[in-house]
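# Commentary on secondary and tertiary structure
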Amino acid sequence: MNRKYRKTVIAGNWKMNQLASGVKPFIEELKEHMPKTRSCDVVLCTPAVMIPAMVKAGKDCRVAAGGEDVSKFEKGAYTGEISADMLADVGAKYCIVGHSERREYHHESDSLVNEKAKALLAKGIAPIICVGESLEQREKNLTMEYIAYQVCAALSGIDGTQVRRCIIAYEPIWAIGTGKTATAEQAEEVCCEIRAVIRRLYGARSARAVSILYGGSMNAKNAAELLAQPDIDGGLIGGASLKPADFATIVAATAQG
Ligand code: PEP
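So, here's what we can say about the structure. All chains use their own residue numbering, which begins from 1 and follows the written sequence. Note on the predicted model: pLDDT of at least 70 is required for a residue's local features to be given, and 80 or more for side-chain atom pairs to be given and counted; whole-chain, interface and lining totals, by contrast, use all residues. In computing side-chain properties, one takes all heavy atoms of the structure into account and sets aside hydrogens as well as water.

This part covers the pairing of strand β5 (residues 126–131). Each residue is placed in one exposure class: buried if its accessible area under a 1.4 Å probe, protein chains only, is under 20% of its type's maximum, exposed if it is over 50%, and partly exposed if it falls in between. Secondary structure elements are taken from DSSP: a helix is a run of H or I of four residues or more, a strand is a run of E of two residues or more, and numbering for both begins at the N terminus. β5 sits mainly inside the fold: six of its six residues count as buried. Burial of the side chains of β5 extends over both faces: Ala126, Ile128 and Cys130 are buried on one face and Pro127, Ile129 and Val131 on the other. Pairs of strands are assigned from DSSP output, requiring at least two bridges between the strands. Inspection of the sheet shows strand β4 (residues 94–97) paired to β5 by four bridges, in the parallel sense. Bridge pairing in β5 places Ile96 opposite Ile128. By the bridge criterion, four bridges tie β5 to strand β6 (residues 167–170) in an arrangement that is parallel. Paired with Ile129 across the bridge in β6 is Ile168.

Okay, the nonpolar core next. Buried Ala, Val, Leu, Ile, Met, Phe, Trp, Tyr and Cys residues that are joined via side-chain atoms within 4.5 Å together make up what is termed a nonpolar core. Counting residues in hydrophobic clusters, the biggest one holds 67 residues, and the most contacted among them are Ile27 and Ile194. The contact rule is simple, with two residues in contact once any of their heavy atoms fall within 4.5 Å. Setting aside anything within four residues of it in sequence, one finds Ile27 in contact with Leu44, Met54, Ala57, Cys61 and Val63. Counting residues in hydrophobic clusters, the runner-up holds 13 residues, among them Val43, Ala126, Ile167 and Ala169.

Bringing the sheet that holds strand β2 (residues 41–46) into the picture now. The strand order β1-β2-β3-β4-β5-β6-β7-β8 describes a closed barrel built from eight strands, whose pairing is parallel. Ignoring strand direction, the axes of neighbouring strands in this sheet form an average angle of 25 degrees. Pairing of strand β1 (residues 9–13) with strand β8 (residues 234–237), which is carried by four bridges, proceeds in the parallel orientation. Bridging from a neighbouring strand, Ala11 pairs with Leu236 of β8. In the packing of helix α7 (residues 143–155) onto the sheet, the strands contacted are β5 and β6, and the crossing angle to β5 comes to about 155 degrees. Geometry is summarised by axes, namely lines fitted to C-alpha atoms with helices restricted to the contacting stretch, and by angles between N-to-C directions that run from 0 to 180 degrees.

It is worth spelling out the environment of Pro172 at this point. By the element assignment, Pro172 lies in the loop between β6 and α8 (184–202). Judged by relative accessible area, Pro172 falls into the buried class, the value being 0%. In contact with Pro172, other than residues within four places in its own chain, are Gly132, Glu133, Ala182, Tyr214 and Gly215.

Right, let's talk about the pairing of strand β3 (residues 64–67) for a bit. Looking at chain direction, β2 and β3 are connected through four bridges and run parallel. Bridging from a neighbouring strand, Thr46 pairs with Gly67 of β3. The path from the first strand over the helix to the second decides the hand: if it runs clockwise while the strands point away from the viewer, the crossover is right-handed. Taken together, β2, helix α2 (residues 51–58) and β3 form a β-α-β motif whose crossover is right-handed. Following the chain from β3 across helix α3 (residues 84–89) to the adjacent parallel β4, one finds a crossover that is right-handed.

Right, let's talk about the packing of aromatic side chains for a bit. The geometry of an aromatic ring pair is captured by the separation of the ring centres together with the interplanar angle, meaning the angle of the planes. Each Phe, Tyr or Trp ring, with Trp reduced to its six-membered ring, pairs with another whose centre is within 6.5 Å; inter-plane angles below 30 degrees give stacked pairs, above 60 give edge-to-face pairs, and intermediate values give tilted ones. Enumeration according to the criterion identifies four aromatic pairs in this entry. Centre to centre, the rings of Phe73 and Tyr78 are 3.7 Å apart; their planes meet at 5 degrees, and the pair counts as stacked.

Next comes the structure, spelled out in structure tokens:
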């Protein structure tokens, strides 16, 4: 973390777990465990139907609401889609794009991820752009090359001012939901490379202003070591974000340094 230049962000990804009726009780329990002083921004990304409940309950606990996906289209005849305008209208401040589950199950391409990020920026929502290599790519030593490609593709056409509103989440696919966490060294190495890519594209000032998160089986036990790395500015957390005490422990782990 480097709080001098950029925000620390702890973001939960509830995926298709929980119900809107579960938001208030969750936040009430979370409040009991949250550290009194906060060294980071906290966000819970949920399905769109839960965002109004999160906005309402989250105010009490300084938890922002985020979406898990967005349409690339602004408006129109796109049955089932949720636009960036709709997310902004109900109070979402952040939205995940390019999660590996969307890339795998919905065949989302890097150019679609880029269009979604731009749609969010146009409505003042911070995109949390996920990138990450497969186990096969890691074993073939292709991680850095692939991550650099994904970051460049996701940021294509985004200018130097807008890029500072973007958050990049490095999520090795082999670590998501598997209980296999990248070591702090592995995670730092890739997050540092992501910053180097942003530096090449936008210069040093922008590169040091962009928050880069690690995601992939981050939990109450391993968070402190991961968050102690200089280029890891927070976490994108799946499973552990569904457990109030564990999520609060991860938030508390940002107090170091
Ligand atoms: C995720 O889905 O973004 C994620 C990191 O999940 P988990 O923490 O469960 O590995």
